[in-house]
Structures are given as structure tokens and as C-alpha cells.
Amino acid sequence: MLSLLHIENIAVIEQADIVLQPGFTVLTGETGAGKSIIIDSIGAIMGQRTSRELIRSGEKKGFVSAVFEQISPELEKQLQELGLDTCEDGTVRIQRELSAEGRSVCRVNMRPVPASVLKTLSPYLINIHGQHDGQKLMQEEYHIDFLDSFCDTEPLLEQYRPLYSRLFSLRSKIRELEKSEQQRAQRIDMLRYQFDEIAAANLKPGEEEELTERRQFFDNAGKLAYALQNASMMLAGDEDTDGACDLLAQVSEELADISTLSTELNNAAKKAEELRYLAEDLRETVSDLASRVDFSEQERDAVEERLDVIYRLRRKYGATVEEVLAYCDSAASELEELENADDRKEQLVAEYRETLSAAREIAGELSRLRRDAAIELEAKIVEQLEDLDMAKVRLSISVSPQTKLNPRGADEVRFLISTNPGEPVKPLSKIASGGELSRIMLAIKNVLTQSEDVGTLIFDEIDTGVSGRAAQKIAVKLGEISRSKQTLCVTHLPQLAAMGDHHLLIQKSVSDEHTFTDVRPLEGEARASELARMISGDAITELSMRNAEELLTRAANSKTM
């Protein structure tokens, strides 16, 4: 369960430490006080996407952290699979830091993790039911999600999804092959021309670099020849002047004659001999380079022509020779496929039929699983609705297999309802009122979470469109849920707020032209005053206080029954 929530610089909350306890906790406050900010903060540590707008105005960073106690074995197993452990005291601590630049840093038990890890852990920690869940109930395309959550279709869907994806790919390839003969012939002609043009050039990787280097040599040939000839003459000398090699030979001979007189002279003689040999080696190298400077104009023209061929091919087919060759391979592959289109099409059609058969078989298993689960889910939801003052409601979950496969199989799932005796069931979106939707959603949520490993449930304004007896029933139901799972509820209804075991007030204030939100626990008279405000508004009267006290008394009595 969630035991501590710390918030810094998130929207109008400068800093808040919210201590949470087991059982049923209600959060109340005036509209705009910041109740939704607390839900958004909890969403942030669950790995949900956040906006930089969430950071308090004027601040560079926002921070949210949470401590979870009484960890389930399933969560411990998940942590181990992710290479994480609980803290020494057996808790799990999650932190998320948000920056104004849009980046975020997530940590689990002080270890940095990506936000995806928080998403992986969230189903074992918190289940948030917000107003958007009620909106999903009005959209039939989401009804299959509710049913699948109940009957756990994921193992079958893991087998089905690759088959469906393969069907999509095969269908695209078959359609491509079914293009008109004229289009295919035109494509073959173009690919054949492109392939032949590239193949005729006989390109080699690295060739352009070698040719470019050779062209640079041609461009500097005169300078090279002059420098190498001078260097050769200086080393070898001529008829009138000794070169460096002759002079070093003479030095070596002179020092050799006296090398026996001392160690220093012997070392000098050796160095002179080494220099003599190095100079002779350099003379041969320079002479060889000088002999290679000569080239023909034909060779230069050939290099230029070859570079021009490469340049024209690169303009058409790729930025480099390697990319041109890769395009050639791709063209050859497509050409082969088009030229053998009929044979290839037969193979693809056969594979498509085989894949379709396998996909339909799994889709059939999904349908059977959903139909059986729908009957059980109907009964459980109706049982919950009886406790929510909707005893005469008839609910039907329709599972209708369709001819065409879809990413979830072949089923269309619709929740149908009749709220009045004698009336046929009709689509939920056309029959249910706002208050009925809230209760139906609560019933569904209660059924689905009973088998989940999540330790904390959060209901954000589940009481929308509800009042009177129905509100009281929702309050009692939430109280029942809280006996097995920690339950938090943001509410505007005094009947529901009175049922809480714990009460937190979210209150907004303005100081020095800055807005601040505080969260504080309420007990005794302070709690009664808050309920009175919820009953009568800002003008709290003696009557509204008596009504508030009566609500608290009735709630306390109902818990002891």
C-alpha cells in the first residue's frame, strides 16, 4: 500500500508530505484546490507521461516520491526480474524528478531506471480510476478491454499478434504482385536498366578514394618532380660536387680510422656508419619515387573518366560507392521477385492461407474464452450493482465474432443494459445516465480489481452525477472495497466523505501573489466543518453542522454493523 507521498514544485503545490494509512481515505476540497494535481503526481511515479507544464511556475524542477509498504509476493518477483530489490525495511521507494526542459529522472530504491520500469511496476502498486474510464465505458471499442482484463486473454493474444502482423505483411506483398502487367513490365524495364548500368561500371568499394588520391598526384606532378630531382641530386651529387651520401661515407671512413683510440670515438664512428647507410637507403627511395613521377596523359584521362562515371552513378543511386552497390543489390532482388511474380504469388498465397487458418483458430479460442467469461462477468457486475441501488438493472455482455480479423481477434464486444423492467437491453452509451455510469463503472472496477495484485485503489470523482441514496450506496461499496485494499477517493459528496476512515483536506491559499496548496488531515470538529461546507457551501450554518455530524455518526454506525 501507499504509505507516504512527497510532492515538491508540482503545479500549485510547493511542498507537501501526505501520510496515508490502510482503509478508506477521502480527499476533499473546493474546485481548483489541487486535488487533480495529487492524482497527476501519483500518475508521474507510475510512469505516466508528464508535461513540463506540471512544474510549478518559476521553478526549474519538480519532484515526486512515494513509499510503498506491505509488498506483495508478485511485486517482489517482478522487482527481482528487473534486477531490483526492496529496501532493508521491506519497502519500495519510487522517485521521479521532472525538469523544465522536459527530461525526467526515475529511481526505484535509489537506483536510476527508465520510466518504462515504473509502468511495469504500476499494476502491482496502484490502480487509478479517473473520469476518463467512465468515458471509455461510453465508447464501445473499449468494451473488449474490460472483458479481456477479467478473463486474461493475454497468453492467447501473445500467440495471435505475430500471426495477425504476418497476415498484414503478406497481404501487402500479394497486392504489390497483383499490380497490372503494364506497371510490372515498366518496373522491370527500369530496374533492368538501373542494374545493368551499375553492373557495367564494375564498381569496387574504396575505388573512388584511390582514384581521387591519384588525381591529386597528377595535379601536383610538376612540383613533385622538381622536389624529388633536387633531393636526389643533393644525396647523390654530380660530376663536380659530392652529394650527402659521399660526404657521409668520407666522415665514416675518417672516424673508423681513429675509433680504437677511445670509447667515445668508437661510438661516434658507429653513428657515422649508421647515418651513411640511412642516407644511401634514402637516396634509393628518392630515386625510385622520382622514376615513378612520370605518367602519360592517357592515364590521367582514364582516371578522370572513371571518376566521372562514379560521380554520375552516385548522383542517381547513392551518396557513396557502397550505397550505389547496395542499391544495385536491392534492384536485383526486386527484379528477381517481379520476374518470378507468378511463382512468388502462389507461394505467398499459400503462406497467407496457412497463417490465416492458424490466426482464425486462435481467434476462435479467444471468442470461446470471452463468451464464457462474459456470462461470469455479467453475474458479478449485476451482483455489485444490486449493492449500488440498481437491483433491477439487466446487463448483457455481447460477444459477436466478426468475419474480418482485427488486432484483438475477431470479436466485437458490447455492454448492453436495461435500467427499467420490461425494457430490452440496449447499448450502454444510449441508455445509462451519468449517475448510472458512475455506479456501473464502480461495479466493473470492483470486480476486475478483486483478482489483481494491486495494493492501492484510487477513485477520482467516482461520484460524478450521483446524489442521495445512490451516493450513500457508493460510499458503502467503497468502504467494503477498502477492507481488502487501501482505497483513496477524491469526492465532492458529503455522504461519501463521511464514510472515509481518514479524511484529507486539499486547500488553496494565496500569499505574496503566489498560490499555494496544502494537504492536511481532518479529525473531529474540523472534519465536521468540512462536511458542512460540502453540504451548504461557504456559509456554514448550525443546521449544516448538525447534518454533518449526523452523517459522521451514521457512517460510524454502518461500519460496526
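Heads up: the structure comes first, above all this text.
**Some points on the sheet that holds strand β14 (residues 502-511)**
Read across the sheet, six strands follow the order β8-β12-β13-β3-β14-β15 without closing on themselves; strand pairing throughout is mixed. In the strand order of this sheet, the two ends are held by β8 (126-129) and β15 (514-522), each with one partner. Between one strand axis and the next, the sheet turns through 20 degrees on average, direction left out of account. In terms of strand pairing, strand β3 (residues 24-28) meets β14 through four bridges, oriented parallel. From the neighbouring strand, Val26 faces β14, where its bridge partner is His503. Contacts from helix α1 (residues 35-45) reach β3, β8, β12 (456-460), β13 (486-490), β14 and β15, with the element oriented near 140 degrees to β8. Docked against the sheet, helix α19 (residues 524-536) engages β3, β14 and β15, running at close to 75 degrees with respect to β14.

**A short note on the pattern of salt bridges**
Applying the stated criterion across every chain, the model contains 21 salt bridges. Between Arg166 and Glu351 there is a salt bridge; the shortest N-O distance is 2.8 Å. One end of the pair, Arg166, is in helix α6 (residues 154-177); the other, Glu351, is in helix α14 (residues 341-387), with 185 residues separating them in the sequence. Between Lys477 and Glu480 there is a salt bridge whose closest N-O contact spans 3.2 Å. Remark: Glu480 and Lys477 occur in helix α17 (residues 468-481); sequence separation between them is three residues, near one turn of the helix. Through salt bridges with shared partners, a single ionic network connects Asp145, Asp148, Arg370, Arg408 and Asp411.

**Regarding α19**
Turn by turn, an α-helix covers 3.6 residues, leaving residues three or four places apart pointing in a common direction. Along its 13 residues, α19 runs 19 Å from first to last C-alpha, staying within 8% of the 18 Å computed at 1.5 Å per residue. Phi for Gly537, located one or two positions after α19, is positive at around 90 degrees.

**Quick notes on the environment of Arg52**
Positionally, Arg52 belongs in the loop between α1 and β4 (61-68). Note on Arg52: relative accessible area 49%, which makes it partly exposed. In sequence terms Arg52 and Leu75 are 23 residues apart; their C-alpha atoms lie 30 Å from each other. Among the polar contacts made by the side chain of Arg52, one reaches the main-chain carbonyl oxygen of Glu101 at a distance of 3.4 Å.

Reading the values: the criteria
- Residues numbered from 1 in each chain as written.
- Predicted model: local features only at pLDDT ≥ 70, side-chain atom pairs only at ≥ 80, totals over all residues.
- Heavy atoms only, no water.
- Pairing = 2+ DSSP bridges.
- Helix = DSSP H or I, 4+ residues; strand = E, 2+ residues; numbered from the N terminus.
- Axes fitted to C-alpha atoms, helices over the stretch in contact; angles between N-to-C directions.
- Contact = heavy atoms within 4.5 Å.
- Salt bridge = Lys/Arg side-chain N within 4 Å of Asp/Glu carboxyl O.
- Expected span 1.5 Å × (residues − 1).
- Buried < 20%, exposed > 50% of the residue type's maximum accessible area, 1.4 Å probe, protein only.
- Polar contact = N/O pair within 3.5 Å; in protein donor to acceptor, adjacent residues only side chain to side chain.

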